[in-house]
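These are the residues of each chain, in order.
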Amino acid sequence: MKIRKFAAIDIGSNAIRLLVNNVIEHKDKPVTFKKSEIIRVPVRLGEDAFTNGVISEHNLNRLVKAMKSFDLLMQVYGVEKYMACATSALREAKNGERVVEKVLKDTGIQIEIIDGKREASIIASTDLKELIKKDRFYLYVDVGGGSTEFTIFKDGNVLVSKSFKIGTVRLLNDLMSEAVWKQLQDWITEYLPENGKVEIIGSGGNINKLHKMSGRKMDQPLSYIWLNAQYHFLNSMDYDDRISELGLNQDRADVIIPASRIFLSAAKWSGAKKIHVPKIGLADGMIKTLYYEKG
């Protein structure tokens, strides 16, 4: 048996994450992936990119400091390979390439700005086979700060994937048009059968937190009814009370509401009554991509 260490850096619109994974190569059975450490830093790049069109010097400096910290942590953990991907915030920022150059110069970390299609394909490479049954459709929903990636599974295989500019930070800053919601609704209803068997698989920090708040076990899905009730409950509280009474982090207490709205909309339009929360996402897909595509 051989244990290798790989890392994924997910530079999102709401936060930056470092995932360190143990990749265990066995002699007589398939390789296994085990999470070793997850570190999350609340640098909200999306507020810069979506409102001003550029990443501010303040947040650029914070990003550089975070990358320096991640580089040191990867050295401490003995990471042999890493992959760093930036999503919609750096995709849309006019100075996105300059940010990437600055980070590389100051930290040695190479960031890849990925488009929505690449993001969706990486997410789809995660371990979903254990959840997916062949007698129904699944709508995989990965909610981010700037975009949400949707993948539809039919007969256990990917039917279609698409990234929409629907995200929690955009919604918070009132940067969403009704036209984009309509595009999403039309896309869902085009590929999913009316009154068919459809279940949602949700990923992202917000749905993970909602699942934890529900008290359900790891393999128990959320119901549409519970999520709808929780959405209205959270919406009835002010921001400070969500922090003081529910114990939510400052950068979670606001985005959890628009995230809930995105999941509820997807469930309503698809007819799904269950939302599975396997606690996997882009960073997990990056580890698999790093291992299988890059060796």
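Everything below is about the structure printed above this text.
Now for a look at the structure at hand.

Rules used in this analysis
- Residues numbered from 1 in each chain as written.
- Predicted model: local features only at pLDDT ≥ 70, side-chain atom pairs only at ≥ 80, totals over all residues.
- Heavy atoms only, no water.
- Pairing = 2+ DSSP bridges.
- Helix = DSSP H or I, 4+ residues; strand = E, 2+ residues; numbered from the N terminus.
- Contact = heavy atoms within 4.5 Å.
- Axes fitted to C-alpha atoms, helices over the stretch in contact; angles between N-to-C directions.
- Buried < 20%, exposed > 50% of the residue type's maximum accessible area, 1.4 Å probe, protein only.
- Arc of directions from axis to C-beta.
- Parallel < 35°, antiparallel > 145°, perpendicular 65-115°, else oblique.
- Nonpolar A, V, L, I, M, F, W, Y, C, P; charged D, E, K, R; others polar.
- Salt bridge = Lys/Arg side-chain N within 4 Å of Asp/Glu carboxyl O.

Sheet strands line up and pair through hydrogen bonds in the backbone, either parallel or antiparallel. Here we have six strands laid out as an open sheet, ordered β8-β7-β6-β9-β11-β10, and mixed in their pairing. Of all strands in the sheet, those with a lone pairing partner are β8 (157-164) and β10 (222-223), marking the two edges. Taken together, the two bridges between β10 and strand β11 (residues 274-276) define a ladder with antiparallel strand orientation. Across the sheet, S223 pairs through a bridge with K274, a residue of β11. The strands touched by helix α5 (residues 116-124) are β6 (137-143), β7 (148-154) and β8; relative to β7, the strand with the most contacts, the crossing angle is about 50°. Lying over the sheet, helix α7 (residues 178-191) contacts β6, β7 and β8, oriented at roughly 170° with respect to β8.

Further remarks concern the sheet that holds strand β1 (residues 2-11). Strands sit in the order β3-β2-β1-β4-β5 across an open sheet of five strands; the sheet is mixed. The two strands at the open ends of the sheet, each matched to only one other strand, are β3 (32-41) and β5 (111-113). Strand-to-strand twist across the sheet, computed as the mean angle between neighbouring axes with direction ignored, equals 25°. On top of the sheet, helix α2 (residues 57-77) reaches β1, β2 (16-25), β3 and β4 (81-86); it is set at about 20° to β2, its chief contact.

Every buried residue of α5 is accounted for by G116, E119, A120, I122 and I123. Along the long axis of α5, the arc covered by the buried residues comes to 160°, so they all point the same way.

Attention shifts here to the packing of helix α8 (residues 205-214) against helix α9 (residues 224-236). Where α8 contacts α9, the two axes come as close as 12 Å, and the packing angle between them is 100°. Taken together, α8 and α9 sit at an angle that is classed as roughly perpendicular. Between α8, through L210, M213 and S214, and α9, the contact on the second element is made entirely by W226, L227, Q230 and L234. When grouped by side-chain class, the residues that make up the contact of α8 with α9 number five nonpolar, two polar and no charged.

Here the focus is the pattern of salt bridges. Inspection of every chain in the model, using the stated rule, returns 17 salt bridges. The partner of E57 in a salt bridge is R98, with the nearest N and O atoms 2.6 Å apart. Residue E57 is located in helix α2, and its partner R98 is located in helix α4 (residues 96-107); the two are separated by 41 residues in the primary sequence. One network of salt bridges, with partners in common, ties together D135, R136, K197 and E199.

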